[in-house]
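Here is how the chains run, residue by residue.
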Amino acid sequence: MKRVFSGVQPTGNIHLGNYLGALRQFVELQDDHECIYCIVDMHAITVPQDPKVLKEHILDVAALYLAVGVDPKKSIVFVQSDVPGHAELSWVLTCNSYTGELSRMTQFKAKSHNKESAPTGLFTYPVLMAADILLYATDIVPVGNDQKQHIELCRDIANRINNTRKKTFVVPDGRFLKEGARIMALDDPTQKMSKSAENIHSRISLLDDPAKIKKSIMKATTDSEGVIRFDVENKPGISNLMNIYSVLAGVPLEQIEKDYEGKGYGDFKKDLVEIVVNALAPIRERYEEIRHSDELIEILKDGAVRANAISEKTMARVKKNFGLGL
Ligand code: ATP
Ligand code: LTN
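Let me sum up the structure you'll find in this document. Model, not experiment: these values are computed from the prediction.

1. Brief notes about the overall build of the chain
Logical step 1: Along the backbone of the chain there are 13 helices and five strands.
Logical step 2: Computed over C-alpha atoms, the radius of gyration of the chain comes to 21 Å, within 12% of the 20 Å expected from 2.2 N^0.38 for 326 residues, which places it in the range of a compact globule.
Logical step 3: If one aligns the C-alpha atoms of the chain with their principal axes, the spans along those axes are about 75 × 45 × 40 Å.
Logical step 4: The buried share among the 326 residues of the chain stands at 52%.
Logical step 5: For the chain, restricting intrachain contacts to residue pairs at least 6 apart in sequence, the fraction spanning at least 24 positions comes to 76%.
Logical step 6: Within the structure as shown, the chain displays about 15,700 Å² of accessible surface, and the carbon and sulfur contribution to it stands at 51%.

Structure follows, in structure tokens:
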């Protein structure tokens, strides 16, 4: 069985983009793959975090994993900082990555704003991500499109080490969906939907109530043409909404165009509200059941033990191939 690894940061507001781009794949893969899903808290501290809030967000993401359908009987679910191998391997990879290649990462450029005071962790973030993946001899990494560059870097580092030393790592492939891989912000369809955007109506969080979902969708930016047609370049707003509709309702884009011929954005948006509300209702319900349960803690503890056992094998091989330790 091929091994799958992915992670989500516990930074709050898990949104429809995270779900359609990444989490949906997590569930799809778990029947015929060995899946490992991580809550990457050490990635979250690349920007300042309140410790109490971070703790809560870790449990929020864990509960959301389960609420969307990740099954702990089939998949390993755990918290990154509970397995020391991530930090350990990250240092070894840091010594085998180039400042030049890290300087080219667009996420770093976007988040550091060219500031002298940007945390070094923000710069080396993609190396920690590579460590997450390589630690588990991962074959497949299901993520949204925005992570393509980071996956490429992970492959480059793995190949570089494999080619200059004994073969140490499995070289992973990213898995990106065709539809839903890049959900855009509702208030500005030129930007990706993001957890950190200030305007709460730019995103639909998985735990939003129906009134908030309605407000965000009815306010969503479209265009003045008033025709429901998929055209990302000229009509990014309505195309983004059509994308969400298509994936959640399982209706092809061409069919949506036909169904809404002669109708306006108002009609389309009203229907989309219903589709989104119905899709998220069972997720919210399951989340409420599990979020404050002892079961959740037990699942994470058990996940950490199982993840650690796999990671120790990789670290033993890495130490041997690099001549580290006794
Ligand atoms: P931020 O939005 O604050 O930049 P993030 O949501 O990108 O954070 P993560 O929580 O680490 O950061 O992302 C989890 C997963 O969701 C990743 O696989 C990422 O590619 C995917 N993802 C994030 N935003 C989108 C989006 N707008 N559309 C599709 N997938 C997305
Ligand atoms: N950088 C990712 C989160 C992440 C991740 C990973 C994804 C950290 N480590 C390992 C897949 C595999 C992001 O979405 N921002």
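2. A word on the pairing of strand E3 (residues 75–79)
For a regular strand, the rule is simple: side chains alternate between the two faces of the sheet.
Logical step 1: In terms of burial, E3 is a largely internal element, five of the five residues being buried.
Logical step 2: Residues of E3 alternate between two faces, with Ser75, Val77 and Val79 on one and Ile76 and Phe78 on the opposite face, all of them buried.
Logical step 3: Direction of pairing for strand E2 (residues 34–39) relative to E3: parallel, over a ladder of five bridges. The residue bridging Ile36 from the neighbouring strand is Ile76, located in E3.

3. Examining the environment of Ala307
Logical step 1: Note on placement: Ala307 falls in helix H13 (residues 294–322).
Logical step 2: The spacing of Ala307 and Gly17 is 290 residues in sequence and 27 Å in space, taken between C-alpha atoms.
Logical step 3: With residues near it in sequence (within four places) discarded, Ala307 still touches Ile76, Phe78, Val83 and Tyr136.

4. Looking at the environment of His33
Logical step 1: Inspection of the secondary structure assignment puts His33 in the loop between helix H1 (16–29) and E2.
Logical step 2: Residues His33 and Ile140 lie 107 residues apart in sequence; the distance between their C-alpha atoms is 9.4 Å.
Logical step 3: One polar contact links His33 to Asp32, side chain to side chain, over a distance of 3.1 Å.

Analysis parameters
- Residues numbered from 1 in each chain as written.
- Chains lettered and ligands numbered in written order.
- Predicted model: local features only at pLDDT ≥ 70, side-chain atom pairs only at ≥ 80, totals over all residues.
- Heavy atoms only, no water.
- Helix = DSSP H or I, 4+ residues; strand = E, 2+ residues; numbered from the N terminus.
- Rg over C-alpha atoms; globule rule 2.2 N^0.38 Å.
- Buried < 20%, exposed > 50% of the residue type's maximum accessible area, 1.4 Å probe, protein only.
- Contact = heavy atoms within 4.5 Å.
- Areas by Shrake-Rupley, 256 points an atom, 1.4 Å probe, with all protein chains shown as cover.
- Pairing = 2+ DSSP bridges.
- Polar contact = N/O pair within 3.5 Å; in protein donor to acceptor, adjacent residues only side chain to side chain.

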